Amino acid sequence: MAALASGRGTNLQALLDASGRAGALFEVVVVISDKPQAQALERAAKAGVETVVVQKKEHPTRGQFDEAMALAAKGRGAQLVCLAGFMRVLSPTFLSRFRGRVINIHPSLLPSFPGLDAQRQALEYGVKVTGCTVHFVDEGVDTGPVIMQIPVEVAPEDTEETLGARILAREHMAYVKSVEMIAEGRIPFPHPSLSQAPERGQ
Ligand code: GRF
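Residues numbered from 1 in each chain as written. Predicted model: local features only at pLDDT ≥ 70, side-chain atom pairs only at ≥ 80, totals over all residues. Heavy atoms only, no water.

Participant: Which residues make up helix H2 (residues 39–46), and what values go with them?
Facilitator: For H2, the full list of buried residues reads Ala-40, Leu-41, Arg-43 and Ala-44. Down the axis, H2 shows its buried residues gathered within 160° of arc, on one side only. For H2, the exposed residues lying more than 90 degrees away from the buried face are Glu-42 and Lys-46. The inward-facing, buried residues of H2 contact helix H1 (10–19), strand E2 (30–33) and strand E3 (50–53). Following H2 by one or two positions, Gly-48 adopts a phi angle in the positive range, close to 80°. (Buried < 20%, exposed > 50% of the residue type's maximum accessible area, 1.4 Å probe, protein only. Helix = DSSP H or I, 4+ residues; strand = E, 2+ residues; numbered from the N terminus. Arc of directions from axis to C-beta. Contact = heavy atoms within 4.5 Å.)

Right, dumping it as structure tokens:
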């Protein structure tokens, strides 16, 4: 798998740790970031995984930017792309190179609270249960077929930080488990509803 990350990379770390264990079911072949300072890149380097920085400013169009990232992943033989705190929406250019093969993790029970600050959205709404979702990526924001969800109870005294930390611990479990299940062939992969090329004219 290839991972795309923009930030601190704790989900990436969970994937790197799992891929480094004896009998691991998957390998992280490259970590790609749009941010040269991302902590995720340090984590990858420490684990001995190749890193690639692809910056938006070096590519005149979004399509060319996405194409450069897709080439970096394809060129290293990635079969699966995991978004691990990647803070940009992928364009159809990228998705067409990895149809039904891109997955994401989000800190809420989708379809509730998509987008930024999902933990804050949950607290503001007053839900009593939230959690995390691993899902296949389509062209929307935090939409696409769900692979796995883990619920997390909201406590009355929770802040964004305390709730976020409990969700994050579940995210790490859910992301590793989801990639393992894909590797074992227990999840339809590439996802059938996303893997067809669109009809001409659509
Ligand atoms: C996580 O909460 C993930 O669900 C969301 O972005 C955050 C990334 O955190 N998509 P980290 O970089 O993996 O620590």
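Participant: Before we move on, can you summarise the site of the ligand with the specific residues and values?
Facilitator: Close contacts around the ligand come from Arg-8, Gly-9, Thr-10, Asn-11, Gly-85, Ile-105, His-106, Pro-107 and Glu-171, and that covers them all. For the ligand, a nitrogen atom lies 2.9 Å from a polar atom in the backbone of Ile-105. Protein contact buries 86% of the 370 Å² of open area that the ligand shows by itself. Of all the elements in the fold, those that place two or more residues in the shell around the ligand are H1 and strand E5 (102–106). Each residue belonging to the shell around the ligand can be placed in one class, and the counts come to 2 nonpolar, 5 polar and 2 charged. (Near = heavy atom within 4 Å. Polar contact = N/O pair within 3.5 Å; in protein donor to acceptor, adjacent residues only side chain to side chain. Areas by Shrake-Rupley, 256 points an atom, 1.4 Å probe, with all protein chains shown as cover. Nonpolar A, V, L, I, M, F, W, Y, C, P; charged D, E, K, R; others polar.)

Participant: Before we move on, could you go through the domain arrangement of the protein chain and cite the residues and values that matter?
Facilitator: What the domain assignment reports for the protein chain is domain 1 (1–99) and domain 2 (104–189). Domain 1 and domain 2 are separated by 20 Å when their C-alpha centres are compared. On the domain 2 side, the residues contacting the 18 residues of domain 1 number 19 residues. Across the domain 1/domain 2 interface, buried area totals approximately 1600 Å², and carbon plus sulfur atoms make up 74% of it. Broken down residue by residue, the surface that domain 1 buries against domain 2 is led by Asn-11, Leu-25 and Leu-83, which jointly contribute 32%. The tally of links from domain 1 across to domain 2 stands at 0 salt bridges. Listed by contribution, the elements that provide at least two residues to the side of domain 1 that touches domain 2 are H1, strand E4 (81–83) and helix H4 (92–97). Of all the elements, H1 adds the most residues to the side of domain 1 that touches domain 2, at 5 residues. Split by residue class, the side of domain 1 that touches domain 2 holds 14 nonpolar, 3 polar and 1 charged. (Domains from an automatic or database assignment. Buried area = accessible area lost by both parts, 1.4 Å probe. Salt bridge = Lys/Arg side-chain N within 4 Å of Asp/Glu carboxyl O.)

Participant: Residues and numbers for the pattern of salt bridges, please.
Facilitator: Evaluation of the coordinates by the stated rule reveals 8 salt bridges. Between Arg-120 and Asp-117 there is a salt bridge, with the nearest N and O atoms lying 3.5 Å from each other. The class of Asp-117 is partly exposed, set by a relative accessible area of 37%. With a closest N to O distance of 2.7 Å, Arg-166 and Asp-158 form a salt bridge.

Participant: Tell me what's going on with the packing of H1 against H2, and back it up with residues and numbers.
Facilitator: Contact pair H1 / H2: the axes reach a minimum separation of 9 Å and the direction vectors enclose 15°. Between H1 and H2, the crossing angle belongs to the class labelled roughly parallel. Note that H1 runs across H2; the crossing there is right-handed. On H2, the residues that touch Thr-10, Leu-12, Gln-13 and Leu-16 of H1 are Ala-40, Arg-43 and Ala-44. (Axes fitted to C-alpha atoms, helices over the stretch in contact; angles between N-to-C directions. Parallel < 35°, antiparallel > 145°, perpendicular 65-115°, else oblique. Left-handed = near helix turned anticlockwise from the far one by under 90°.)

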